[in-house]
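Residue-level structural notes
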Amino acid sequence: MATGKGVESTIINAEHLAKEFKEHSVAEFFKKNKQMLGLYGKVRTLTTVIHEYVTNSLDACEEANILPEIQVKISEIATEYYEVEVKDNGPGLTKETVGKALGQLLAGTKFHRMIQSRGQQGIGSSGCTMLAQTTTGKPCRVITGTGKGKPISLELSIDPKHNLPKITNMKEIDRNFRGLAVQAKFKGMLYRDSEQGPLEYLRRTAIANPHAEIKFRDPTGQKFIFKRSASKVPKPPIEVKPHPKGVTVDEIVTMSKYSDARKVSSFLRTDFDRMGQKSLEGITKRVSFDMNKDPKQLRWDEAEEIVKAFKEIDFIAPSSDALRPIGEERITKSLQNIVDPEFMHVLTRKPQVYAGGFPFQVEVSIAYGGKAGRTISGSASDGPQKRLEIMRFANRSPLLFDAGNCAITKAVHSIDWKRYDIKDIDNAPVTVLVNFISVYIPYTGAGKQAIADEDEVIEEIRLALMQSGRKAGRYISGKRKEAERLMKRELFYKYIPEIVYALNAITKTDKDTLDKKLRKMVLLKLKLDDEKEAKENAENGKGEGIEIAKKENAHAKSVPEKTEQKTEEKAEKESKKKAEKETKEKATQESKAKETKEEHKTKEKTKGKKAKSQHAGKKGK
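Residues numbered from 1 in each chain as written. Predicted model: local features only at pLDDT ≥ 70, side-chain atom pairs only at ≥ 80, totals over all residues. Heavy atoms only, no water.

1. Some details on the sheet that holds strand 7 (residues 164-172)
The cut-off we apply is this: Each pair of strands is called paired provided DSSP finds at least two bridges between the two strands. Helix and strand assignments come from DSSP, with helices taken as H or I runs of at least 4 residues and strands as E runs of at least 2, each series counted from the N terminus. Interaxial angle, 0 to 180 degrees, is taken between N-to-C directions of lines fitted to C-alpha atoms, where a helix line uses only the stretch in contact. Only heavy atoms matter for contacts: two residues are in contact if any of them lie within 4.5 Å across the pair.
Pairing is mixed in the open sheet, where eight strands are placed in the order 7-6-5-8-4-3-9-10. The open sheet has two edge strands with one neighbour each: strand 7 and strand 10 (223-226). On average, each strand axis in the sheet is tilted by 15° relative to the strand beside it, whichever way the strands run. In this structure, strand 5 (residues 140-145) lies alongside strand 8 (residues 179-187), joined through five bridges in antiparallel fashion. Opposite Ile-143, over in strand 8, you have Ala-181 as the bridge partner. Docked against the sheet, helix 3 (residues 42-63) engages strand 3 (69-78), strand 4 (81-88), strand 5 and strand 8, running at close to 155° with respect to strand 3. Taken strand by strand, helix 4 (residues 95-103) contacts strand 5, strand 6 (152-159), strand 7 and strand 8, and its axis lies near 135° from that of strand 7.

Shown next, in the form of structure tokens:
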């Protein structure tokens, strides 16, 4: 058919289009879409590279039950051109696995297991190898030692067409080394000592991993050491099965096709966590099909019935064997070591489950005062000021980017902090730490910097923050009340001498007696206020978690008796001095008045004598 000026349109058939149909490897995909790995932005890219290598080192050391010692070095070669070197004391990699671990995307030991780990997809370190290759054209240098035989060195790159590692110059080296050392060069990056830079990332990593020792040398040659505050490696998590409460219909259908069980009932009992005989009996009563049928024959509508039955039955909380929280004591030590707050409350919630049957757990801490909060430069008159600091972690790994799109940030800002005596949370000296741990973190992207806002996840974080917030609120409220109490006491003591003087003038009662009675009344009033506050705190209960408050900053019940006694003695001395001063002034005034009166009498007497003399003289004349 002719169109326009005789230009003929031709319909292209499916056979012709099929010639352009090609398959692509995952390496080619991420090579063109590296931003999906978080590798975009000059500062962010460098921090992400450090993140990927450090998390791999921590995971490897913990699985091998080794206290991690990690060394990170960043050297500036030229403008926006850096060399990154990360070395650990872990178990190392074998000749057979080193290429796949660092040079093949979506290959690893973590994705297919229901177990807590920092890495998940098997993309991160391989993505860094590909980035070095695409920005500089140079391979990564790797040294690995397993403790058996001589360590080996090699150069590694990726064949993006087939998503396979390319290893060159592999050789044994004559040195004593166990662990893994990776050295790679990158262009298009920028080092900044900022809230999203490598130094801040390592500082937060040290907070969440107190058993690790991290040494860092920045491009200027400055060295930083984050010493460990815990001397034991956390117990390794144990692989678990999906929990019935969070599983979906698709999950049940998929799992049933690959199950070794011969009956649906045995499939449910062996492939799901917390599935006992009583639960199975409850499910059998609620479904319309025979539970003895082959699970491979399970239909979609039958799987829907099972999911519906799961929701109606009360299961035991998911097993925490697969989860390894930091721990309240370790978080407390880390924050005291790095943040050194005036008050802190740390809380670990019980395990819960979200969609997919994945167990998860939330740890929170609210630190107030001291070095808590972000320090920002204010005006010349005001000086540095403190702002709210939110430390986000997922399986102990810091999340520095995409904060606005993260479930943790949304949960923090959804709380009405005024209820906890924090008037303006954004401008308060407060650090909020939230560690979300799970066998599978619902990240919003492959860059692993933000947690998806699943309903169960946000609600659990909110509950943890509110529970910890109540403790912080009581401390802040108590601190304010103590300040008011001290001010009230000083005010009372200030006016006691005035009242004593007035009452003495009216009633003629002894001043010392009045002074003692008034002081006793003030102390009784303050004591009643303290008892009332103590009763309110007792009614609130101790609750869970660890609470730390520095004595010098704690409120009424923490003020030492000696301090109170000294304050009273000081006030009493001041009162007596004032009374003595007033007495002296009064005596001086009375003395002056007496002298004036006598002078007046003398003058009058002299004047009288003079007048009499004059009168006698006139009479003589």
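2. Observations regarding the packing of aromatic side chains
Test applied: By convention, a stacked pair of Phe, Tyr or Trp rings (six-membered ring in the case of Trp) has centres within 6.5 Å and planes under 30 degrees apart, an edge-to-face pair has planes over 60 apart, and any other such pair is tilted.
Counted under the stated rule, the structure contains ten aromatic pairs. Arranged with centres 6.1 Å apart and planes meeting at 20°, the rings of Phe-216 and Phe-224 form a pair that is stacked. Ring pairing ties together the aromatic residues Phe-267, Phe-272, Phe-310 and Phe-315, which thus form one cluster.

3. What to know about the packing of helix 3 against helix 6 (residues 198-208)
Stated precisely, the cut-off is as follows: Should an angle lie under 35 degrees it is considered roughly parallel, over 145 roughly antiparallel, and from 65 to 115 roughly perpendicular; all remaining angles are considered oblique. Here a crossing is taken to be left-handed if its near helix is turned anticlockwise relative to the far helix by less than a right angle, and right-handed if that turn runs clockwise. Polarity classes work like this: nonpolar for Ala, Val, Leu, Ile, Met, Phe, Trp, Tyr, Cys and Pro, charged for Asp, Glu, Lys and Arg, and polar for all others, with Gly in that last group.
At a closest axis distance of 9 Å, the pairing of helix 3 and helix 6 adopts a crossing angle of 30°. With respect to helix 6, the axis of helix 3 lies roughly parallel. When you trace helix 3 past helix 6, the crossing you get is right-handed. Facing helix 3, whose interface residues are Leu-46, Thr-47, Ile-50, His-51, Val-54, Thr-55 and Leu-58, helix 6 presents Pro-198, Tyr-201, Leu-202 and Thr-205. Its residues assigned to classes, the contact of helix 3 with helix 6 comprises seven nonpolar, four polar and no charged.

4. Section: helix 9 (residues 277-286)
Because an α-helix completes one turn every 3.6 residues, residues spaced three or four positions apart along the sequence face the same direction. Just so we agree on the cut-off: The buried label goes to any residue with under 20% of its type's maximum accessible area, the exposed label to any with over 50%, and the partly exposed label to all in between, with areas taken from a 1.4 Å probe on protein chains only. Think of it as the arc spanned by the lines of direction from the helix axis to the C-beta atoms.
Those residues of helix 9 that fall on the buried side of the exposure criterion are Ser-279, Leu-280, Gly-282 and Ile-283. Projected down its long axis, helix 9 shows its buried positions confined to an angular sector of 160°, all on one face. Seen from the buried face of helix 9, the exposed residues on the opposite side, beyond 90 degrees, are Lys-278 and Lys-285. Residues of helix 9 that are buried in the fold lie against helix 8 (264-271) and helix 10 (300-312).

5. Observations concerning helix 5 (residues 124-136)
The criterion, for reference: Expected span, for any helix, means 1.5 Å times one less than how many residues it has.
Helix length check: helix 5, at 13 residues, gives a terminal C-alpha distance of 18 Å against a target of 18 Å (1.5 Å per residue), a fit within 8%. Most of helix 5 sits out of view: ten of its 13 residues are buried. Of all the residues in helix 5, the buried ones are Gly-124, Ser-125, Ser-126, Gly-127, Cys-128, Thr-129, Met-130, Leu-131, Ala-132 and Thr-136.

6. Some words on the pairing of strand 7
Side-chain direction in a regular strand flips from residue to residue, so the side chains alternate between the two faces of the sheet. Judged from the seven bridges that link them, strand 6 and strand 7 form a sheet pairing that is antiparallel. Note on strand 7: the bridge partner recorded for Asp-159 is Leu-164. Counted between consecutive antiparallel strands, the loop separating strand 6 from strand 7 contains four residues, among which Asn-163 sits at a positive phi close to 55°.

7. Observations regarding the state of the cysteines
Stated precisely, the cut-off is as follows: Criterion for a disulfide: a pair of cysteine sulfur atoms at a distance within 2.5 Å.
By the definition in use, this model includes zero disulfides. Not engaged in a disulfide, the cysteine Cys-140 finds its nearest cysteine sulfur in Cys-128; these two sulfurs lie 8.0 Å apart.

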